[in-house]
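# A look at the structure
One letter stands for each residue in the lines below.
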Amino acid sequence: RKRLTIFFSDIKGFSELSEELEADTLTAMLNLYLTEMSDIALKFGGTVDKFIGDAIMVFFGDPVSRGAKDDCQACVSIAIAMQKRMNDLNKRCAAQGIRQPLHVRMGINTGFCAVGNFGTEMRLDYTLLGTEVNKASRLESAADAGEILISRQTYELIKDSIYCQARGNVMLKGFKEPVEIFAVIDLRANLGKEG
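Residues numbered from 1 in each chain as written. Predicted model: local features only at pLDDT ≥ 70, side-chain atom pairs only at ≥ 80, totals over all residues. Heavy atoms only, no water.

## Observations concerning the environment of F51
Among the secondary structure elements, F51 is positioned in strand β2 (residues 47-52). On the basis of relative accessibility, which here comes to 43%, the residue F51 falls in the partly exposed class. The spatial distance from the C-alpha of F51 to the C-alpha of L34 is 8.1 Å, given a sequence separation of 17 residues. Once residues within four sequence positions are removed from consideration, F51 is found in contact with L34, S38 and I56. (Helix = DSSP H or I, 4+ residues; strand = E, 2+ residues; numbered from the N terminus. Buried < 20%, exposed > 50% of the residue type's maximum accessible area, 1.4 Å probe, protein only. Contact = heavy atoms within 4.5 Å.)

Quick look at the structure:
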C-alpha cells in the first residue's frame, strides 16, 4: 500500500463523436490526443497506467515518488497543462474537418492504494486497486466538460500553489458519504498573466 495521487480523464461526448466520424479520422484523432496527453503526463513524471477507449488513467507516487506533496503538485499540473493543450488540439482537429471541439473532464484524488502486478499467470497489469482509485474515477465522471475536480485530500496538498474553487459536498456513485470537492482553476503563478 502506498499513498498515491490518481488522475482520470475522459472526452465528453466521445461516443457521439465516434458515430459521426469515419474510422480512419477517428483513429488518427484519438491517437493524436492520447499521444499528446501521455507526453504531458510523462514529462511531469507520471505513470501512464492505461487507456480505456478515450479515457486515460495516470498516477504519481510509484514506482518513483518525490514525496506526497510534490507528487500531488505534479499530478494537478498535468491536468492544467492538458486542458491548455486542448486548445491547440482542437485547432488541429478543426483543420482536419472535425467540427465539434473536444472537451475533457478530469478527476484527481490522493490516498492509499494497493499497487502492483495484478492479473493472471498469462497476463499481468501493473496497476492500482482500492477505494481511492474509485473516488478519482467518480470525480472525473462528476466533472463538467473542461473541468478538473479534486478531492479534499488532494486540495490540502496543492492549495498553496494552485488556485481552486470549493464546490461543496457531492454524492459520488458507490460512496455512502458525500465527498467534498474542489474545481482547479490554475497555477497561482499564472493568475493575472493572461487576459
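## As for the side chain of T110
Mapped onto the elements, T110 comes out in strand β4 (residues 104-119). A relative accessible area of 2% means that T110 is categorised as buried. For T110, the side chain forms a polar contact with the side chain of T5, separated by 3.0 Å. Separated by 2.8 Å, the side chains of T110 and T154 make a polar contact. Sequence-distant contacts of T110, defined by excluding residues within four places in its chain, comprise R3, L4, T5, C72, E132, S151, Q153, T154 and L157. (Polar contact = N/O pair within 3.5 Å; in protein donor to acceptor, adjacent residues only side chain to side chain.)

## Re the confidence of the model for the chain
For the chain, mean pLDDT is 92; residues scoring 70 or higher make up 98% of the total. The lowest-confidence element of the chain is helix α1 (residues 14-20), averaging 85 in pLDDT; the highest-confidence one is strand β6 (residues 148-151), averaging 98. (pLDDT = per-residue confidence, 0-100.)

## Things to note about the packing of aromatic side chains
Applying the stated criterion across every chain, the model contains 2 aromatic pairs. Geometrically, the ring pair formed by Y155 and F182 is stacked, given 3.9 Å between the ring centres and 0° between the ring planes. Of the two residues, Y155 is situated in helix α5 (residues 152-158) and F182 in strand β8 (residues 179-187); the sequence distance between them amounts to 27 residues. On the accessibility criterion, F182 (4% relative accessible area) is buried. (Phe/Tyr/Trp six-rings, centres within 6.5 Å; stacked < 30°, edge-to-face > 60°.)

## Notes on the pattern of salt bridges
Opposite charge on two side chains lets them pair, provided their charged atoms get close. In total, this model carries 15 salt bridges according to the counting rule given. Note that K50 and D49 form a salt bridge whose closest N and O atoms lie 2.7 Å from each other. By relative accessible area, which is 28% here, K50 ends up partly exposed. Several salt bridges converge on common partners, so that one network encompasses E36, R85, D88 and R92. (Salt bridge = Lys/Arg side-chain N within 4 Å of Asp/Glu carboxyl O.)

## Details of helix α2 (residues 23-43)
Between its first and last C-alpha atoms α2 spans 30 Å; for 21 residues at 1.5 Å apiece the expected length is 30 Å, and the two agree. Along α2, the residues that are buried comprise L26, M29, L30, L32, Y33, L34, E36, M37, S38, I40 and A41. The inward-facing, buried residues of α2 abut β1 (2-11), α1, β2, β3 (55-60), α3 (68-95) and β4. G45 sits one or two residues past α2 and shows a positive phi near 90°. (Expected span 1.5 Å × (residues − 1).)

## Details of the pairing of β6
Working note: regular strand, side chains alternate between the two faces of the sheet. Every second residue of β6 is oriented toward a common face, with I148 and I150 on one face and L149 and S151 on the other, all of them buried. Summarising the sheet, β4 and β6 pair through 3 bridges and their orientation is parallel. Counterpart to M106 in the pairing with β6 is I148. Pairing of β6 with β8 involves 3 bridges; the strand directions are antiparallel. When the sheet's bridge partners are listed, L149 is paired in β8 with A183. (Pairing = 2+ DSSP bridges.)

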